[in-house]
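Commentary on secondary and tertiary structure
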Amino acid sequence: MSSLPLNRSSIHTLVHEFYDDVRADAVLGPVFDKAIGDRWDAHLERMVEFWSTVMLGTHNFQGNVFGTHMALSGVEPDHFRLWLGMFFKTTERLFEPPVAHEFQLVGKRIAASLQYGYFGKVIVPDAPPATA
């Protein structure tokens, strides 16, 4: 796939393709399905708003990312490893390296913050190396 420009449409593509992969994953899929249930459409729209706010400065997202995630139980370090690896792979596939890197920096910061909340420290600092 050719690299996408950074705009709301490409963020929509990223969110939907990434969460399609998450939902299909044997480990992450059940975790997300348990938390989201039948509210996937609303969740995906919120994720588009979140990433549009972060990457485009739209300021349309309203919410408490940390508090919402801290209410979930059963989150393990391996979930972060998988999430980051899948997120890096998707951003690298869809965007030019500088744009993918910006998405990844934000993803790593969010993952680090949530890990502090769950485990008191960052256990998974980065995505695992890509495998061919």
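Residues numbered from 1 in each chain as written. Predicted model: local features only at pLDDT ≥ 70, side-chain atom pairs only at ≥ 80, totals over all residues. Heavy atoms only, no water.

As recorded in an unreviewed UniProt entry, the chain goes by the name Group III truncated hemoglobin, listed as coming from Massilia agilis.

1. Observations regarding the pattern of salt bridges
Definition in use: When a carboxyl oxygen of Asp or Glu lies within 4 Å of a side-chain nitrogen of Lys or Arg, that pair is called a salt bridge. The helix count covers DSSP runs of H or I at least four residues long, the strand count covers runs of E at least two residues long, and both are numbered beginning at the N terminus. The buried label goes to any residue with under 20% of its type's maximum accessible area, the exposed label to any with over 50%, and the partly exposed label to all in between, with areas taken from a 1.4 Å probe on protein chains only.
Inspection of the entire model under this criterion finds five salt bridges. Between glutamate 45 and arginine 8 there is a salt bridge, and its shortest N-O distance comes to 2.8 Å. Residue glutamate 45 is located in helix H3 (residues 40-56), and its partner arginine 8 is located in helix H1 (residues 8-24); the two are separated by 37 residues in the primary sequence. On the accessibility criterion, glutamate 45 (35% relative accessible area) is partly exposed. A salt bridge links glutamate 17 to arginine 93, with the nearest nitrogen and oxygen atoms 2.8 Å apart.

2. Regarding the packing of aromatic side chains
Going by this rule: The aromatic pairing rule takes the rings of Phe, Tyr and Trp, using the six-membered ring of Trp, and pairs them if the centres are within 6.5 Å, calling planes under 30 degrees apart stacked, those over 60 edge-to-face and the rest tilted.
For the structure shown, the criterion picks out 16 aromatic pairs. Taken together, a centroid distance of 5.2 Å and an interplanar angle of 80 degrees make the contact between phenylalanine 18 and tryptophan 83 edge-to-face. In this pair, phenylalanine 18 is assigned in helix H1 and tryptophan 83 in helix H5 (residues 77-94), connecting sequence segments 65 residues apart. Look at tyrosine 118 and phenylalanine 119: their rings are 5.9 Å apart centre to centre, the planes differ by 40 degrees, and that puts the pair in the tilted class. By relative accessible area, which is 22% here, tyrosine 118 ends up partly exposed. Residue phenylalanine 119 is classed as partly exposed on the basis of its relative accessible area of 24%. Through a chain of ring-to-ring contacts, three or more aromatic side chains come together here, namely Phe18, Tyr19, Phe32, Trp40, Phe50, Trp51, Phe61, Trp83, Phe87, Phe95 and Phe103.

3. Some details on helix H6 (residues 97-119)
Let me state the cut-off plainly: Multiplying 1.5 Å by the helix residue count minus one yields the expected span of that helix.
Counted at 1.5 Å a residue, the expected span for H6 with its 23 residues is 33 Å, and the 31 Å between its end C-alpha atoms agrees. Taken together, the buried positions of H6 are Ala100, Phe103, Gln104, Val106, Gly107, Ala111, Leu114 and Gln115. Glycine 120 occupies a position one or two residues after H6 and carries a positive phi of about 80 degrees.

4. Focus: H1
Definition in use: The directions from the helix axis to the C-beta atoms form the arc being described. Residues are treated as being in contact if the distance between any of their heavy atoms lies within 4.5 Å.
If you check H1, its first and last C-alpha atoms are 24 Å apart, about what 17 residues at 1.5 Å a residue would give, namely 24 Å. If you check which residues of H1 are buried, you get Ser10, Ile11, Leu14, Val15, Phe18, Tyr19 and Val22. Looking down the long axis of H1, one finds its buried residues gathered within 150 degrees of arc, a one-sided arrangement. Set apart from the buried face of H1 by more than 90 degrees, the exposed residues are Ser9 and Ala24. At its buried positions, H1 is contacted by helix H2 (28-36), H3, H5 and H6.

5. Topic: the nonpolar core
This is how it is decided: We call a set of buried Ala, Val, Leu, Ile, Met, Phe, Trp, Tyr and Cys residues a nonpolar core when their side-chain atoms join them within 4.5 Å.
With 33 residues, the main nonpolar core has Val15, Tyr19, Phe32, Trp51, Trp83 and Phe103 as its most contacted residues. Those elements giving two or more residues to this core turn out to be H1, H2, H3, H5 and H6. Excluding anything up to four places from it in sequence, tyrosine 19 contacts Phe32, Trp40, His43, Leu44, Met47 and Trp83.

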